[in-house]
Amino acid sequence: MIQHLDVDGVPTLLAPTGGPMHAGLTFRVGTADETLARAGVTHLVEHLALAPLGLADYHVNGATAPAFTMFHTQGSEADIASFLTAVCGHLSDLPTARLNVEKEILRTEWSSRGATAIDEIPLWRHGARDFGLSSYPEWGLGALTADDLREWAARWFTRENAVLWIAGDRVPAGLRLALPTGVRQPVPVASSALPQTPAYFVNGARAVVLDSVVRRSTAANIFAGVLERELYRSLRQDAGLSYATTTGYEPRGDGYAMLRALADALPEKQDAVLGGFVDVLAKMRVGRIEQADLDATVAKRADVLGIAEVDAARLPSYALNVLTGHPNSTIDEHRAELKAVSLADLHEVAGEVTASALLMVPGGHTADWAGFVAAPTHSAGVVDGTTYASKEGAGGLRIGTDGVSYLRGQRPLTVRYDDCSALLTWPDGARQLIGADAIVLDIEPTLFELPPEAAQIIDARVPADRHVSMPARTPDQIPQPRPVAEQVEPSGRSWWEIPVMVLSGLGTLLMGGFCLLLTIGMFVDDSEPSEGWFWGVIAVGWLLTVILALPIVLLKRRRR
């Protein structure tokens, strides 16, 4: 049984364990509570709280997620009391002497992260805000001051916004949680950058990934397991197309959960994997779900509930439910919920999955044929203002009082100042505007005929708390206009190109066919020696054939 206690005003959960004692202190704050221009503040506070502890003789760790931050330790009763007491003391009085050192450590940590197939999904679904921020670098680190961090810690790392959980027989003697007073913070409202779902976007990763948002329920959790079994059977066991076929179910804290599925693919098998993946989703959407898959998944979940350490194992998720206000169930209630899940429940979840689906497809592919719409990659409108020409001969940059638009063909990019999540600034005058919808607009003085004061105009319009100063670039990092020969703009194609290519093709076909017949005839008819002048006519004919074909080659290259 999980006991509910109180330690220094912090709600505390206690469950017995047969192994080493371990404990965690979880706060309801994460990257989704930040802004893009100050991204990294929670992670930096976490590092500062752990930094003075140095190299411990027992396990200690910290983690910052979208909706929570946790400090975890495993060791003796005295070790746990010492660790948690020290962490709370550091959160109340941050050791800012290590501020610059920890900033560099975090930058190194980010640069060392390996890219995964799902890294970009949050920004495509949510934009450059709340739950979408986990797709972006921690750009806010450079400008964060000691006062910024103290203010953040005082607001979020409080006893009312924390839950302590302990897997052990008792609360360690000498444990003190000296945290400031505050309030329980709600989970941020999740935004959306998708005008319509189901949607898809193209990514260079060699995998097909499904991301969906469903109501949090036992049925949705079971659906994730059933979907994984179906993907494994269809794409790996039967077709031999994929190696990794996995799914995940993760509560978000606001009554909804993220449900994801992934299937990897070799470059030459991507078409087949995408088609097979969509077929599995369609099959489940129409209710073709096997009872055997449901029974097997329920049995697997029920087995976990039968282990001796089940209460200790679910302490972290139990604590998150306490923080977010989600009701916690007993083990018996969990078992009853599992047994109650029916095929009709899974069919209903399948409808939710399809309705909210965001599909990541490999490069060179689409999913519109399957009823998915392309996620927006350009803006619906442009701002009024002064347009400055591109030095590359096509497109233009329009700077107005409300925002900036990049004009090129029928796919403009617009970021309005009041909807700008971050303005990145470089000493050489370059600017990058990132809209809340994740639209990115680059302003390079070397590529546009901009007045000297253009950067100052933009800087003044974007709120100061959204500015991010970037380090100076080396000369080879600053883009330069392409040579004139390379500045071929697809939207500037001339009307006469297609007719010329058609006429060239017809001429090539007729002349080439005529010359082919003459050539074959000269070899077939060997009754008399051929005249030399006749061979000359054939040679001239083949030369004309090549000349007639040249416009097709040149115009096709120009259009490309």
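Residues numbered from 1 in each chain as written. Predicted model: local features only at pLDDT ≥ 70, side-chain atom pairs only at ≥ 80, totals over all residues. Heavy atoms only, no water.

### Some remarks on the sheet that holds strand 1 (residues 3-7)
Then step 1. If you walk across this open sheet you meet the six strands as 1-2-6-3-5-4, and the pairing is mixed. Sheet topology places strand 1 and strand 4 (59-64) at the edges, where each strand pairs with a single neighbour. Going across the sheet, the axis of each strand differs from the next one's by a mean of 20°, ignoring polarity.
Then step 2. Pairing of strand 3 (residues 22-27) with strand 5 (residues 69-74), which is carried by six bridges, proceeds in the antiparallel orientation. Paired with His22 across the strands is Gln74, a residue of strand 5.
Then step 3. Here helix 10 (residues 315-324) sits on the sheet and contacts strand 1, strand 2 (10-15), strand 3 and strand 6 (162-167); the angle it forms with strand 6, its principal contact strand, is near 160°. (Pairing = 2+ DSSP bridges. Helix = DSSP H or I, 4+ residues; strand = E, 2+ residues; numbered from the N terminus. Axes fitted to C-alpha atoms, helices over the stretch in contact; angles between N-to-C directions. Contact = heavy atoms within 4.5 Å.)

### Examining the layout of surface pockets
Then step 1. Put simply, the largest pocket is a space of about 1,200 Å³.
Then step 2. Forming the walls of the largest pocket are 41 residues, and the residues nearest its centre are Arg216, Asn221, Pro251, Ser317 and Asn321.
Then step 3. For the lining of the largest pocket, the secondary structure elements donating two or more residues are helix 6 (218-238), strand 9 (245-251), helix 8 (291-305), helix 9 (310-313), helix 10 and helix 11 (331-340).
Then step 4. Ranked by residue count, the leading element in the lining of the largest pocket is helix 10, at seven residues.
Then step 5. Split into classes, the residues belonging to the lining of the largest pocket amount to 22 nonpolar, 12 polar and seven charged.
Then step 6. Considering only enclosed or pocket space, the second largest pocket measures out at about 640 Å³ in volume.
Then step 7. If you trace the second largest pocket, you find 27 residues lining it, with Thr31, Thr64, Pro66, Arg113 and Ser134 closest to the centre.
Then step 8. Listing elements by their share of the lining of the second largest pocket, those giving two or more residues are helix 3 (99-111), helix 4 (121-126) and strand 10 (256-264).
Then step 9. Considering every element that reaches the lining of the second largest pocket, the biggest residue donor is helix 3, with three residues. (1 Å grid on protein atoms, 1.4 Å probe; cavity = no way out; pocket = protein on both sides within 12 Å on 5 of 7 lines; lining within 4 Å. Points joined across faces, edges and corners; volume = space filled by probe spheres on them. Nonpolar A, V, L, I, M, F, W, Y, C, P; charged D, E, K, R; others polar.)

### Quick notes on empty space enclosed by the protein
Then step 1. If you walk through the whole model with that rule in mind, you get two cavities of 30 Å³ or more.
Then step 2. Roughly 50 Å³ of internal volume is contained in the largest cavity.
Then step 3. Lining of the largest cavity is provided by Ile121, Pro122, Arg125, His126, Asp211, Ser212, Val213, Arg252, Met258 and Arg260.
Then step 4. When residues of the lining of the largest cavity are traced back to their parent elements, those giving at least two are helix 4, strand 8 (207-215) and strand 10.
Then step 5. Taken together, the residues that form the lining of the largest cavity break down as four nonpolar, two polar and four charged.
Then step 6. One number sums up the size of the second largest cavity: a volume of about 40 Å³.

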